[in-house]
Amino acid sequence: MRAVDLIIKKREKGELTQEEINFFVQGFVKGDIPDYQVSAWAMAILLNGMTARETTDLTLAMVHSGHILDLTGIVDIAVDKHSSGGVGDKTTLTVLPTVAACGLPVGKMSGRGLGFSGGTLDKMESIPGYRWDVNTDEFKKQLKEKGIVLTGQSLDLAPADGKLYALRDVTGTVPSTPLIASSIMSKKIAAGAQAIVLDVKVGKGAFMETLEAARELADLMTQIGELAGRKTICLLSDMNQPLGHAVGNALEVKEAIETLKGGGPEDFREHCLHVSAHMLVVGRRAKDLKEGRALAEKALADGRALAKFRVLVEAQGGDASYVDDPDQLPKAKFVEAVKSPRSGWLAQVNARDVGEASVLLGAGRAKKSDAIDHAVGFVIHHKVGERVEGGQPLFTVHANDEQKLAEARERVLAAYVFSDKAVPALPLFYDADDAALK
């Protein structure tokens, strides 16, 4: 069997067998198949797709490329959540400590930024000392003792996905439904999750731009979860505009901490409560979504969620004083408030444009080896549907390079569309697989 033959087969819209998929994944992990062939294979998948059976085989091949965590005896039920990626999506930083504070242990493997979509690990590394390379033994010990883990993809868990994840980001193969589904689900299954809540983003700032595409991804991941024996539910949430106000690593960490303290933007707080409620139900800590939401609200109100985030940071070597005083987080050299060019109702704040402009500033990666600038990004002051007056601050740019600031400013200004008539606010969620909770 040769890698080039499998690339050609998929290029010609053929269906790969389980044996062929296993051969390709194992060869990639061992180094027998080079990056350039894997890149060609990924592009063929992006262009021609995969069947549900192929995608499940790819997922399980990546799962079995390394160790699989067995959390039996560590926790009574292991629940995980995952977002399919977005702009300003710092949900994990608030949701994980919230549900953990409600007595639901949660261990999560997260990734770095993909294209215009920010990465959870990149955000957490804004906090000095925070370790993302927790090994299997440390994962189990921390989950049992602290009830919360947020780590990267360690070398012994789904290593094939870790390598492919980095390659997709720089080869234009991120927005592929089979590759997104297999990447997400391989991490969840390898990390030992018995119940999974998936937050699939929909809109201009998501990899799935239409409800049809998002439902396709949600259905595919649900099928994979069922075949792997995991209870899996999907939420479909809006990503036409950035979530919350902050876009950029340290800025988003600060906003997540504000939300854990009981504040934060209304849309972001509501999003976190909704996801937390679903996790608490599938994790058997709440009998229904109403009770789950009430538990999550209480954990935010009484300070337990913030305290659990502090526990997480300390447990993984981070400087917890940054949780107590987030003003210590990295700051940009240049901060410029950009005024609205006109009055009117906001009809659009294109999340993709904002995400791409944040990459231009250095908050994301143009190529695999790029370093992240944790200080840069944007604060978006208004939401679609709000009335804005001319001359009122529209957004604020945080930059460390004046030329990049100027370019990013113009790109984000172009992301706005105004209307002379009132415009309805965007929904937070489109529909949910709440039937799975019954």
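As a reminder, the structure under discussion sits directly above these lines.
Presented here is a report on the structure given in the accompanying data block.

Definitions and cut-offs
- Residues numbered from 1 in each chain as written.
- Predicted model: local features only at pLDDT ≥ 70, side-chain atom pairs only at ≥ 80, totals over all residues.
- Heavy atoms only, no water.
- Core = buried A, V, L, I, M, F, W, Y, C linked by side-chain atoms within 4.5 Å.
- Buried < 20%, exposed > 50% of the residue type's maximum accessible area, 1.4 Å probe, protein only.
- Helix = DSSP H or I, 4+ residues; strand = E, 2+ residues; numbered from the N terminus.
- Pairing = 2+ DSSP bridges.
- Expected span 1.5 Å × (residues − 1).
- Arc of directions from axis to C-beta.
- Axes fitted to C-alpha atoms, helices over the stretch in contact; angles between N-to-C directions.
- Parallel < 35°, antiparallel > 145°, perpendicular 65-115°, else oblique.
- Left-handed = near helix turned anticlockwise from the far one by under 90°.
- Contact = heavy atoms within 4.5 Å.
- Nonpolar A, V, L, I, M, F, W, Y, C, P; charged D, E, K, R; others polar.
- Phe/Tyr/Trp six-rings, centres within 6.5 Å; stacked < 30°, edge-to-face > 60°.

1. Quick word on the nonpolar core
- Counting residues in each nonpolar core, the largest one holds 74 residues, and the members touching the most others are Met124, Met279, Phe309, Val354, Phe378, Phe395 and Tyr416.
- With 8 residues, helix H12 (residues 266–282) is the largest single contributor of residues to this core.
- Counting 22 residues, the second-largest nonpolar core is a separate cluster that includes Ile189, Val200, Met208 and Leu217.

2. Quick word on the sheet that holds strand S10 (residues 387–388)
- Judged by pairing direction, the sheet is antiparallel, and its 3 strands sit side by side in the order S10-S8-S12 without closing on themselves. The sheet terminates laterally at S10 and strand S12 (416–419), the two strands that pair on one side only.
- Pairing analysis gives 2 bridges linking strand S8 (residues 344–349) to S10, with the strands arranged antiparallel. Bridge pairing in S10 links Gly344 to Val388.

3. Some remarks on helix H14 (residues 304–315)
- The first and last C-alpha atoms of H14 sit 16 Å apart over 12 residues, in line with the 16 Å expected at 1.5 Å per residue.
- By the burial criterion, the buried members of H14 are Ala305, Lys308, Phe309, Leu312 and Val313. Within H14, the buried residues cover an arc of 140 degrees as seen down the axis, which keeps them to one side.

4. Examining unusual backbone geometry
- With a phi close to 70 degrees, Lys13 is a non-glycine residue in the positive phi region.
- Along the chain, the position of Lys13 falls in the loop between helix H1 (3–11) and helix H2 (18–30).
- The phi dihedral of Arg284 is positive, around 60 degrees, even though this residue is not glycine.
- You can see Arg284 is positioned in the loop between H12 and helix H13 (289–301).

5. Brief notes about the packing of H1 against H2
- Axis separation between H1 and H2 bottoms out at 10 Å; the angle between their running directions is 125 degrees. When the interaxial angle is binned, H1 and H2 end up oblique. Seen from above, H1 lies across H2 with left-handed handedness. Between H1 and H2, the contacting residues are Ala3, Leu6, Ile7 and Lys9 on the first element and Glu20, Phe23 and Phe24 on the second.
- For the contact of H1 with H2, a count of residues per class yields 5 nonpolar, no polar and 2 charged.

6. Overview of the packing of aromatic side chains
- The full count for this structure, using the stated rule, is 4 aromatic pairs.
- Look at Phe378 and Phe395: their rings are 6.3 Å apart centre to centre, the planes differ by 70 degrees, and that puts the pair in the edge-to-face class. With a gap of 17 residues between them, Phe378 in strand S9 (residues 377–380) and Phe395 in strand S11 (residues 393–399) connect regions that are remote in the sequence. Across the pair, exposure class does not vary: Phe378 and Phe395 are buried alike.
- Centre to centre, the rings of Phe395 and Tyr416 are 5.8 Å apart; their planes meet at 15 degrees, and the pair counts as stacked. On the criterion of sequence distance, the pair formed by Phe395 in strand S11 and Tyr416 in strand S12 is long-range, its members being 21 residues apart. Tyr416 carries the same exposure label as Phe395, and that label is buried.
- Taken together through their ring pairs, the aromatic side chains of Phe378, Phe395, Tyr416 and Phe418 make up a single cluster.

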